[in-house]
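Structure assessment
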Amino acid sequence: MEEFYRIRRLPPYVFEQVNRAKAAARNAGADIIDLGMGNPDLPTPPHVIEKLKETLGKPRTDRYSASKGITGLRRAQAAYYERRFGVKLNPETQVVATLGSKEGFANVAQAITSPGDVVLVPNPSYPIHAFGFLMAGGVVRSVPAEPTPELFSALEKAIVHSIPKPIAMIACYPSNPTAYVASLDFYKDLVAFAKKHEIFILSDLAYAELYFEGVPPPSVLQVPGAIDVTVEFTSMSKTFSMAGWRMGFAVGNERIIAALTRVKSYLDYGAFTPVQVAATAALNGPQDCIKEMRDTYRKRRDVLVETFGRAGWDIPPPAASMFAWAPLPEKFREVGSMQFATLMVEKSGVVVSPGVAFGEHGEGYVRIAMVENEQRIRQAARNIRRFLETGVESLHNVVPLANRR
């Protein structure tokens, strides 16, 4: 039977092979160290949990909530932007709460895309950046992910050779998966480019607070006039370790925010009100927890780089995000990232994400998520050392072949 139209536009799930190997290993009782999914393991700050408990069961909190976000939450997000970036936002017209930044990207694609519209997307990049527009009927044109002059050359070429002309471009810094960080000067050039060619910027700033080199990553909205062409998405998933709470925001250009708000009004009634109240408490409350989480990830990064390096795998230290973007060890470069990630599970019990899952230009790399404690990262390094030193053919699987399906 023929697949539905939108399903045909999606490729096979690229993590399926690795997930099968992971499931087989776990089912056989193997100790799996999962550094694949960017799923924070740190607890949500206590004052946020307490506000959730305090709000649960109060009158009217079990009813439908506001799709665009309760007023206090949108004001809290506007206050965060003014405090952190010096950017003033109107919480009524320039802020909308989303069910995580992923939902925001998917629905903004539905809001602004006509069939055949072209969107410029970094490659490699977080999958929703491309597939949100593919599902909306758009066409994706890949551009380099690194914020360098070469990116602008590629953007210019894409403008010239794309028919119809692109409607928008995606920016994601600190980047998932590559951990690239952009400067404010880069954003000034990006805004100038967008205005020159009359296209929108859709910026993913989910990792704004996970930085390790002392200089906080900027927002593109800090550029004067950027709001004329820009909407930016943030998330509480990593900043406050609230991934399962599904709380994010889109802020910026009023026309796009209005379109996104209208689409969302047909699709959802917003997050559960106590979750929104607790998220408001997170944004308005003490911010020491953010620094503590940042320090934890920095220590994990340092342990990962040191121990993996001693194991024979040199990992470039990421300047930001919760990921390391690691080139395949030399002897495995011919097998490709998918096969290498599968072998890692089978031979070392360590899960990483194949770079090709983030676009064809991610081939030759894997993404390593720093979502295990330092002790587990050291254990992963010991397992990997045996894997790298012993070789694929002679090292036994962590799961006996008889137990694999």
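Further up the page is the structure itself.
Below: a short report on this structure. Position numbers for residues count from 1 along each chain, tracking the sequence in the order it is written. In keeping with the predicted nature of the model, local features appear solely for residues at pLDDT of at least 70, side-chain atom pairs appear and are counted solely at 80 or more, and the whole-chain, interface and lining totals rest on all residues. Computation of side-chain values covers all heavy atoms of the structure but excludes hydrogens and water.

1. Some remarks on the environment of L205
Secondary structure follows DSSP: runs of H or I at least 4 residues long count as helices, runs of E at least 2 residues long count as strands, and numbering of each begins at the N terminus. Positionally, L205 belongs in the loop between β6 (200-204) and β7 (230-235). You can call L205 buried: its relative accessible area is 1%. Considered as a pair, L205 and E92 are 113 residues apart in the sequence and their alpha carbons are 21 Å apart. Should any heavy atoms of two residues lie within 4.5 Å, those residues are considered in contact. Residue contacts for L205: discarding those within four places in its chain leaves Y81, F85, Y173, P174, P218, S219, E232, F233 and T234. Exposure categories follow from relative accessible area, calculated using a 1.4 Å probe and restricted to protein chains: below 20% of the type maximum is buried, above 50% is exposed, and the middle band is partly exposed.

2. So, the sheet that holds strand β5 (residues 168-172)
Note on pairing: DSSP must find at least two bridges between two strands before they are called paired. Read from one edge of the open sheet, seven strands run β2-β8-β7-β6-β5-β3-β4, paired in mixed fashion. On the outer flanks of this sheet lie β2 (95-98) and β4 (139-144), each paired with one strand and no other. Direction aside, neighbouring strands of the sheet carry axes that sit 25 degrees apart on average. Pairing of strand β3 (residues 118-123) with β4, which is carried by six bridges, proceeds in the parallel orientation. Considered in β4, the bridge of V119 is made with V140. Lines are fitted to the C-alpha atoms to define the axes, a helix being fitted only along its stretch in contact, and any angle between axes, read from their N-to-C directions, falls within 0 to 180 degrees. On the sheet, helix α4 (residues 71-85) packs against β2, β7 and β8 (248-252) and is oriented at approximately 110 degrees with respect to β2. On the sheet, helix α8 (residues 184-197) packs against β5 and β6 and is oriented at approximately 170 degrees with respect to β5.

3. Thoughts on helix α5 (residues 100-112)
Expected helix span is given by 1.5 Å per residue-to-residue step, counting one fewer step than there are residues. With 13 residues, α5 should reach 18 Å at 1.5 Å per residue; the first-to-last C-alpha distance of 19 Å fits that figure. Turning to α5, its buried residues number three or more, namely G100, S101, E103, G104, F105, N107, V108, A109 and I112.

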